[in-house]
Amino acid sequence: MSDEVKRIKVIDSHTAGEPTRVVVEGLPEFAGVPASPADWRDFLRAQHDALRTAVACEPRGHEAMVGAYLLEPTQPDCVAGVVFFNNVGYLHGCLHGTIGVTVTLAHLGRLSDGDNKIETPTGIVTVRPPEDGWVTVQNVRSWRHAAAVPVDVPGWGTVQGDVAWGGNWFYLIEAGDTIEVNFNNLDQLTDFTCAVRDALEANGITGAEGGEIDHIEVFGPPVNAAADSKNFVLCPGREYDRSPCGTGTSAKLACLHAAGKLQPGQSWRQAGILDTVFEGSVQEAPEGGVIPTVKGRAFVTAENDLILHSNDPFAAGIGQAR
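Quick look at the structure, then.

Cut-offs and rules
Residues numbered from 1 in each chain as written. Predicted model: local features only at pLDDT ≥ 70, side-chain atom pairs only at ≥ 80, totals over all residues. Heavy atoms only, no water. Salt bridge = Lys/Arg side-chain N within 4 Å of Asp/Glu carboxyl O. Helix = DSSP H or I, 4+ residues; strand = E, 2+ residues; numbered from the N terminus. Buried < 20%, exposed > 50% of the residue type's maximum accessible area, 1.4 Å probe, protein only. 1 Å grid on protein atoms, 1.4 Å probe; cavity = no way out; pocket = protein on both sides within 12 Å on 5 of 7 lines; lining within 4 Å. Points joined across faces, edges and corners; volume = space filled by probe spheres on them. Nonpolar A, V, L, I, M, F, W, Y, C, P; charged D, E, K, R; others polar. Pairing = 2+ DSSP bridges.

Some remarks on the pattern of salt bridges
By the definition in use, this model includes 15 salt bridges. As a salt-bridge pair, D312 and R60 come within 3.1 Å of each other at their nearest N and O atoms. Pair noted here: D312 is in the segment after strand 17 (290-309) and R60 is in the loop between helix 2 (49-56) and strand 3 (66-71), with a separation of 252 residues, a long-range link. Accessibility classification places D312 together with R60 in one group, the buried group.

Overview of empty space enclosed by the protein
Per the stated rule, a full pass over the model turns up two cavities of 30 Å³ or more. Its volume calculated, the largest cavity comes out at about 150 Å³. Lining the largest cavity are 22 residues, with E18, V66, L91, C235 and D241 positioned closest to its centre. Looking at the lining of the largest cavity, the elements that each hand over two or more residues are helix 3 (95-107), strand 14 (239-240) and helix 5 (246-258). Looking at side-chain class alone, the lining of the largest cavity contains 10 nonpolar, eight polar and four charged residues. The computed volume of the second largest cavity comes to approximately 50 Å³. As for the second largest cavity, its lining consists of 13 residues, and the residues nearest its centre are G93, C94, L95, T122 and N139. Residues of the lining of the second largest cavity, tallied by class, amount to five nonpolar, eight polar and no charged.

Regarding the pairing of strand 1 (residues 5-15)
Put simply, side chains in a regular strand alternate between the two faces of the sheet. Note that strand 1 and strand 17 share 11 bridges and pair antiparallel. When the bridges of strand 17 are listed, K6 appears paired with L308. Examined bridge by bridge, strand 1 and strand 2 (residues 18-25) share seven bridges and lie antiparallel to one another. Opposite S13, over in strand 2, you have T20 as the bridge partner.

The structure is reproduced here in structure tokens:
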């Protein structure tokens, strides 16, 4: 049997510690009319999911890897389209990933001065070229869906949290005396948030129109005056976000605004579990909720060709069907 070799060109970056791997060459052909990011996501999920697992999973990736397929835009005023994914599937949106895509586009010389628009499956986001690695993103509309929703969590008792959309569905919990938001407490934080997510599913608690709540966010006090809050975010795939989480920060901003605790234009500084910080603010959306703006810092870390051998038993990733 001959060995066929496929090369996938990627550019790696990290945003506040959280990785983004952008696939810039090596996508399959998509025949027919111009395809939106949502069309691409559905096409890749149905017919080429092995590409996702090859890029995101071991031995080429790892459980914390977030990937992005860089696409040609369908809207004339957009510089690119993008589909985000990780080790277990596809993401609605991803702001740390958008920041990573932005520094990647800048690295490739594909950004203009001022505002640049990027198509995502959740809508169009607007970015500005990086300044010393700092990227500002105007996100899609975000809102609090429900406040103080209780759920009984086995081993932990009754927990209350807000359900909010920030580009993904979140359940947001103030830690209080329940658990400490600290990097040295990762195992307990992971166990707690996994138990919360399982309890939400078991009790049929969802976002709007049955949207799965696949991100759990826990807040505690910051370690210093550089931030207003510190969070731990459990992502799909049961891995934690190394950054303060851009869609999670957007959901937090929406909840704060809905509670009358954040005014339009007022700044909120959200630290993540590594104590890196995103800066956020909102403007009110005409249809309700807010339009968040989030600023974070990213750096390109590598340019790679991923090599997939047809006779490699792990061409599609460890634990994946060939």
